[in-house]
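Observations on the three-dimensional arrangement
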Amino acid sequence: MKTKLKVKMAIDAGMTLLLLLLMAYERVGETAHEWLGMGICALFILHHILNRGWSRNLLKGRYSVLRVAQTILNAGVALVTLGSMVSGLLLSEHTFPFLPIRSLYSYASRVHMLCAYWGFVLMSLHLGFHWSMMVGIAKRYLRSNRVCTWILRGAAFGIATYGIYAFVKRNIGNYMLLQYHFVFFDFEEPLILFVPDYAAVMGLFIFIGHYCAEGFKKMEKR
């Protein structure tokens, strides 16, 4: 595996971990949440620098159904990430205490919550669209072992199924539609029980994104 690919994978893994921790806002505390937000922003910028070839070729070549879907998804991720960054700066009380503008606090809080939950879902779908690379690596190490392959598929299906339950349980759909203006946490629930639910929801959308991408590929071959 090339060094550049390893770096890209490490950055993506770091962003995934930070994203899960960011969703546990009340569990990690405000100060840690803000620093984690700074960390994911830095990794997001590095991710785009390492993948700048995609941006350079944006207006070149033929647009297949898959490429159109990827472009729309990437634009959505960029939009909500930018919204999270700007609203996060306006809400900051620890890393940038001189920036908060109290007159915009209520508006920025809603934008931040909306962008955070849509960003969580869209970034998970984005991972799913590129999951075939992880599948390829797994196949290389499994050496076409059908038993292991079906075990992994069963595990993915199980995670996605639980992810549906966790999505409803955690009211993620309601937060995405701004049905609530505040996120409700059970303060007695430990972080070790909170994160797996969000990891399952992430797995659900990775699952959806992966099979959507595979479906688009099959459409192109017809």
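Here's a quick rundown of the structure. The model shown is predicted, which means the values in this text are computed figures rather than measured ones. (Residues numbered from 1 in each chain as written. Predicted model: local features only at pLDDT ≥ 70, side-chain atom pairs only at ≥ 80, totals over all residues. Heavy atoms only, no water.)

1. Brief notes about the overall build of the protein chain
Selection criterion: Only DSSP runs of H or I covering at least 4 residues are called helices, and only runs of E covering at least 2 are called strands; the numbering of each starts at the N terminus. As a reference, a globule follows 2.2 Å times the number of residues to the power 0.38, and the radius of gyration itself is taken over C-alpha atoms. Relative accessibility under 20% of the residue-type maximum defines a buried residue, over 50% an exposed one, and the middle range a partly exposed one, all with a 1.4 Å probe and only protein chains included. Contacts are residue-level and defined by heavy atoms, with any inter-residue pair within 4.5 Å sufficient. Method for areas: the Shrake-Rupley scheme with a 1.4 Å probe, in which residue coverage is limited to the protein chains shown.
When helices and strands are tallied, the protein chain shows 10 helices and zero strands. Listing every helix and strand of the protein chain by position from the N terminus yields α-α-α-α-α-α-α-α-α-α. The C-alpha radius of gyration computed for the protein chain amounts to 19 Å, which stays within 12% of the reference 17 Å derived for 222 residues, consistent with globular compactness. With respect to the principal axes defined by its C-alpha atoms, the protein chain has extents near 55 × 45 × 35 Å. Expressed as a percentage of its 222 residues, the buried residues of the protein chain come to 34%. Sequence-distant contacts, at least 24 apart, represent 76% of the contacts inside the protein chain between residues at least 6 apart. A total of about 13,700 Å² of accessible surface is found on the protein chain, and carbon and sulfur atoms cover 69% of it.

2. Quick look at the environment of A24
Tracing the chain through its elements places A24 in the loop between α1 (3–23) and α2 (25–28). Along the sequence, A24 and H94 sit 70 residues apart, while their C-alpha atoms lie 18 Å from each other.

3. A short note on the pattern of salt bridges
Quick reminder of the rule: Between Lys or Arg on one side and Asp or Glu on the other, a salt bridge is scored when a side-chain nitrogen of the former is within 4 Å of a carboxyl oxygen of the latter.
Under the counting rule described, the total for this entry stands at four salt bridges. The residue D197 makes a salt bridge to R170 at a minimum N-O spacing of 2.9 Å. With a gap of 27 residues between them, D197 in helix α10 (residues 191–221) and R170 in the loop between α8 (146–169) and α9 (172–176) connect regions that are remote in the sequence. For the pair formed by D197 and R170, the shared burial category is buried. E214 serves as the salt-bridge partner of K217, at 3.3 Å between the closest nitrogen and oxygen. Here K217 pairs with E214, and both are found in helix α10, just three residues apart, close to one helical turn. For K217, a relative accessible area of 26% corresponds to the partly exposed category. Each of the salt bridges in this network shares a partner with another, and the network as a whole consists of K169, R170, E189 and D197.

4. So, the side chain of E34
For the record, the criterion: Here a polar contact is taken to be a pair of N or O atoms separated by no more than 3.5 Å, where protein atoms must pair a possible hydrogen donor with a possible acceptor and residues adjacent in sequence count only if both atoms sit in side chains.
Structurally, E34 is set in helix α3 (residues 30–50). Note on E34: relative accessible area 15%, which makes it buried. A polar contact is formed between the side chain of E34 and the side chain of S92, at a distance of 2.9 Å. Non-local contacts of E34, meaning those with residues more than four positions away in its chain, are made with L91, S92, E93, H94 and T95.

5. What to know about a positive patch on the surface
Put simply, the rule is: Patch construction takes residues with relative accessible area above 30% that form no salt bridge. Like charges are linked within 9 Å, and nonpolar side chains (Val, Leu, Ile, Met, Phe, Trp, Tyr) are linked within 5 Å. Positive: Lys, Arg. Negative: Asp, Glu. His and the chain ends are not part of the count. By convention, the charge on Lys lies at NZ, on Arg at CZ, on Asp at CG and on Glu at CD.
Judged by side-chain charge, K4, R52, R56 and K60 come together as a positively charged surface patch. On the secondary structure map, R52 appears in helix α4 (residues 52–56). Overall, R52 belongs to the partly exposed group, its relative accessible area being 46%.

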